[in-house]
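This is what each chain is made of:
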Amino acid sequence: MNRIIRSCSNCALYEHRKNAVCGNGSISPEIFLIGEAPGKIEDESSIPFSGRSGNLLRKSLDSTGISEHRIYITNSVKCRPPNNEKPKMEYLKICNEYLKSEIELLKPKVIIPLGNTSLTALTLITKVKYRNISKIVGEKFQWNGILIFPQFHPAAVLRDMKRLEKFDKVFLEVTKILKN
Ligand code: SF4
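Calculation notes
Residues numbered from 1 in each chain as written. Predicted model: local features only at pLDDT ≥ 70, side-chain atom pairs only at ≥ 80, totals over all residues. Heavy atoms only, no water. Helix = DSSP H or I, 4+ residues; strand = E, 2+ residues; numbered from the N terminus. Rg over C-alpha atoms; globule rule 2.2 N^0.38 Å. Buried < 20%, exposed > 50% of the residue type's maximum accessible area, 1.4 Å probe, protein only. Contact = heavy atoms within 4.5 Å. Areas by Shrake-Rupley, 256 points an atom, 1.4 Å probe, with all protein chains shown as cover. Lys, Arg positive; Asp, Glu negative; His and termini not counted. Charge placed at Lys NZ, Arg CZ, Asp CG, Glu CD. Pairing = 2+ DSSP bridges.

Attention shifts here to the overall build of the protein. When you go through the protein residue by residue, the secondary structure sums to eight helices and six strands. When its helices and strands are written in sequence order, the protein yields α-β-β-α-α-β-α-β-α-α-β-β-α-α. Against the 2.2 N^0.38 benchmark of 16 Å for 180 residues, the protein shows a C-alpha radius of gyration of 15 Å, consistent with a compact globule. Across its three principal axes, the protein shows a C-alpha extent of roughly 45 × 35 × 30 Å. With 180 residues in all, the protein has 51% of them scored as buried. In the protein, the share of contacts with a sequence separation of at least 24, taken over all contacts with a separation of at least 6, comes to 72%. When the accessible area of the protein is evaluated, it comes to approximately 9300 Å², of which 50% is carbon and sulfur surface. Here the protein contributes 29 positively and 18 negatively charged side chains, and the mean placements of these two sets differ by 3 Å.

This is the structure we're talking about:
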């Protein structure tokens, strides 16, 4: 699938990218994280969450006992939108086939959508209507035997560090549940 994504031109975002950014991580992950879209650094490195947001995310995962080999990280769209805009719904819909395939192939125990855009992309698959992410961080949902833990996008935590405690708490809860 990654080969197909790297040469994909199914939506207009392909015109702006340097590199399509495929998902990255364990091939049998317990935890599947979904971000919004690649940013400038990811577009250059081809690695999801390789910028400032990624640093905060990895630090939080590490400090709450979630090691890299347990996770897989991907984005709702695999190509960088111009000027770091939020990806339009039409692009989310077109790129959603890749996200759906990643979930079907990897069969994670837990899915963590990071931010509202990721939650929307997940909704296109689960067909479940969730409330705004800020209202449901800290809650968990079941879908097809998978636990869904909505989470802030790390960029939103960087904008307001008061969210960090709640952000860490979600990952601590995931660790606790996966231990049982
Ligand atoms: S964003 Fe997704 S659908 Fe659009 S060109 Fe990139 S890989 Fe293809």
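Within strand S2 (residues 31–35), five of the five residues are buried, which leaves the element mostly enclosed by the surrounding structure. Residues of S2 alternate between two faces, with Ile31, Leu33 and Gly35 on one and Phe32 and Ile34 on the opposite face, all of them buried. Bridge analysis of S2 against strand S4 (residues 110–113) gives four bridges, and the strand direction is parallel. Bridge pairing links Ile34 to Pro113 in S4.

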